[in-house]
Amino acid sequence: MDTIKYLLSEDQMPTAWYNIQADLPKPVPPVLHPGTHQPITPQDLEPLFPAALIEQEVSRDRDIEIPEEVQQIYRQWRPTPLYRARRLEQVLDTPAKIYYKYEGVSPSGSHKPNTAVPQAYYNKMAGVKRLTTETGAGQWGSSLAFAGSLFGLEVEVYMVKVSYEQKPYRRALMESYGARAIASPSSQTEAGRQILQANPDSTGSLGIAIGEAVEVAAQDENTKYALGSVLNHVLLHQTVIGLETLAQLEMAGDYPDIIVGCTGGGSNFAGIAFPFIGAQLRGDRPVRCIAVEPAACPTLTKGQYAYDFGDTAHLTPLVKMHTLGSTFVPQGFHAGGLRYHGMAPLLSHLLQLGHIEPTAYPQLSCFAAGVTFARTEGILPAPEANHAVKGAIDAALHCKQAGESKTILFNLCGHGHFDMQAYIDYQAGKLRDLEYSSEEVAMALAGLPVVP
Ligand SMILES: *Cc1c(COP(=O)(O)O)cnc(C)c1O
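Scope of this entry: the structure provided in the associated data block. (Residues numbered from 1 in each chain as written. Predicted model: local features only at pLDDT ≥ 70, side-chain atom pairs only at ≥ 80, totals over all residues. Heavy atoms only, no water.)

A closer look at the pattern of salt bridges
Quick note on the threshold: In what follows, salt bridge is the name for a side-chain nitrogen of Lys or Arg lying within 4 Å of a carboxyl oxygen of Asp or Glu. Secondary structure elements follow DSSP: runs of H or I of four or more residues count as helices, runs of E of two or more count as strands, with numbering from the N terminus. The buried label applies to any residue whose accessible area, calculated with a 1.4 Å probe on protein chains only, is under 20% of its type's maximum; exposed applies above 50%, and partly exposed to all values in between.
Applying the stated criterion across every chain yields a total of 17 salt bridges. Put simply, Arg-180 and Glu-156 hold a salt bridge, and the shortest N to O gap is 3.5 Å. Of this pair, Arg-180 sits in strand β7 (residues 180–184) while Glu-156 is found in strand β6 (residues 154–160), placing the two residues 24 residues apart along the sequence. Overall, the relative accessible area of 41% leaves Arg-180 in the partly exposed class.

This is the structure:
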């Protein structure tokens, strides 16, 4: 394990984030300007992001220092606990060891503050007054609202309408932190008005909400945009999860054979897996990394690896990623945080390079796994996190069949305390496994931009 390098403070907190771009055998394809199809320049991104984050987006430095002020805030809940799931192991009767890293201890209950705090910090340092963003289930919106409140920034959140209606408690949390929540599509932006004109009953999507938030930020020089997943700098900030886990497992004298995480835009999965994949890229032990997505939004398993827009209004640059097409509107299944049409370019690239195994599960089997987890380990996972629990349980059962005592690590990226309606519906037998409509996907994919 001597090629694994991490920088820790005395209280076992990483002092630098890990940038996997330093170790890639082949660089990630460039982000393209939607008009010229030429690689975009930092200047193109300046209306949306502060310079420090644009630098991190393209940096090839391996260790990127975590500002002292950000470390101080992280210390409120970090390092997060790493648990051995002994009672779950017993119930499964598996020879495998199961560890989980619990990100639900953050103030907003998920991994999202790991990036919300540094994003708010760098914007504050750059003199920004207001941040706009989108949110699906409300996890990201409440995390950015929390971070904005720490730095005195106004926060405006475009919330996917289906979640706005299904999850009033997350909205109340955002508003308690001082943010403004707007149901998307809204009539406040050109992007929103266009969607409403074509479909007044639109339940919204992350792609639509991103278009609205980007439009508002681009039109005001004191306003910038913040994204909760997908981008390189977001994945970078999340590596605190994996770096802490490396140190914690070393204390336990263990190392994972299999890492499991759920994937919406890819940030919590990257956060736990990248430090281990990086170690492997530098010649250390190989590790199987299993990315679990919902069958109703199967970006990695059924999407295409192609240049596409990040939003439905086509205001963003083109990124090469696994995508279901920017006009894809997934049905209103309960893991709202996993409903994005695209996937992080870094994760898509690593899938192409063979470092990630994607798999998709329908939601009922994931809720069943989450309930088994709650009854053994006591923590009720977020519906998104249930996908990781299901992936880890399946890996452990496979070990049982094969008689292998592997070490499995998964990321329990958030608790489900704001998602009780989903559990009420599940217990009442009201949830269905939503059919993945291959026709709709084919239609959305037919609209992919043509990039020579
Ligand atoms: C946002 C969110 C996700 C999905 O986003 P990723 O970028 O893929 O991590 C998953 N789980 C929880 C709890 C979330 O809040």
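The rest of the description comes next.
Brief notes about helix α5 (residues 113–125)
The cut-off we apply is this: Expected span of a helix: the number of residues minus one, times 1.5 Å.
With 13 residues, α5 extends 18 Å from end C-alpha to end C-alpha; this agrees with the ideal 18 Å at 1.5 Å per step. Counting buried positions over the 13 residues of α5 gives 11, a clear majority of the element. Along α5, the residues classified as buried are Pro-113, Asn-114, Thr-115, Ala-116, Val-117, Pro-118, Gln-119, Ala-120, Tyr-121, Tyr-122 and Asn-123. Just downstream of α5, Gly-127 is the residue with a positive phi angle, here 85°.

Quick word on the packing of aromatic side chains
This is how it is decided: Aromatic pairing here means that ring centres of Phe, Tyr or Trp (its six-membered ring) are within 6.5 Å. Orientation follows from the plane angle: under 30 degrees is stacked, over 60 is edge-to-face, and everything else is tilted. Criterion for a charge above a ring: Arg CZ or Lys NZ at most 6 Å from the ring centre, at most 35 degrees from the ring normal.
For the coordinates displayed, the defined rule picks out 13 aromatic pairs. Between the aromatic rings of Phe-367 and Tyr-426, the centroid separation amounts to 5.3 Å while the plane-to-plane angle is 20°, which identifies the pairing as stacked. Residue Phe-367 is found in helix α16 (residues 363–377), and its partner Tyr-426 is found in helix α18 (residues 420–427); the two are separated by 59 residues along the sequence. Taken together, the ring pairs in this structure connect Tyr-74, Trp-77, Phe-146 and Tyr-177 into an aromatic cluster. Its guanidinium or amino end placed over the ring of Tyr-164, Arg-171 lies 3.9 Å from that ring's centre, counting from NZ or CZ. Above the face of the Tyr-361 ring, Lys-390 is positioned so that its terminal group lies 5.2 Å from the ring centre.

Let's talk about the sheet that holds strand β4 (residues 97–102)
Inclusion rule: Strands are labelled as partners when DSSP assigns at least two bridges between them. Here an axis means a line fitted to C-alpha atoms, over the contact stretch when the element is a helix, while the angle between two N-to-C directions is reported on a 0 to 180 degree scale.
The mixed open sheet is built from six strands, whose spatial order is β3-β4-β14-β9-β10-β13. Pairing within the sheet leaves two strands with one partner each, and these edge strands are β3 (82–84) and β13 (357–361). Adjacent strand axes in the sheet meet at a mean angle of 25°, parallel and antiparallel pairs treated alike. Sheet topology places strand β9 (residues 258–262) next to strand β14 (residues 407–412); three bridges connect them, and they run parallel. Bridging from a neighbouring strand, Ile-259 pairs with Leu-409 of β14.

Describing the packing of α5 against helix α6 (residues 139–151)
Threshold: For this classification, under 35 degrees means roughly parallel, over 145 means roughly antiparallel, 65 to 115 means roughly perpendicular, and everything else is oblique. Rotating anticlockwise by less than a right angle from the far helix to the near helix defines a left-handed crossing, while the corresponding clockwise rotation defines a right-handed one. Here, residues are in contact when the closest pair of their heavy atoms is within 4.5 Å. Nonpolar residues are Ala, Val, Leu, Ile, Met, Phe, Trp, Tyr, Cys and Pro. Charged residues are Asp, Glu, Lys and Arg, and all others, Gly as well, are polar.
Interhelical geometry of α5 versus α6 gives an angle of 40° and a closest axis separation of 8 Å. Viewed along their axes, α5 and α6 adopt a mutual orientation that is oblique. Like other packed secondary-structure pairs, α5 and α6 cross with a definite hand, here right-handed. Taken together, the residues of α6 that come into contact with α5 (itself represented by Pro-113, Thr-115, Ala-116, Val-117, Gln-119, Ala-120, Tyr-121 and Lys-124) are Trp-140, Ser-143, Leu-144, Phe-146, Ala-147, Gly-148, Leu-150 and Phe-151. For the contact of α5 with α6, the class distribution of residues is 11 nonpolar, four polar and one charged.

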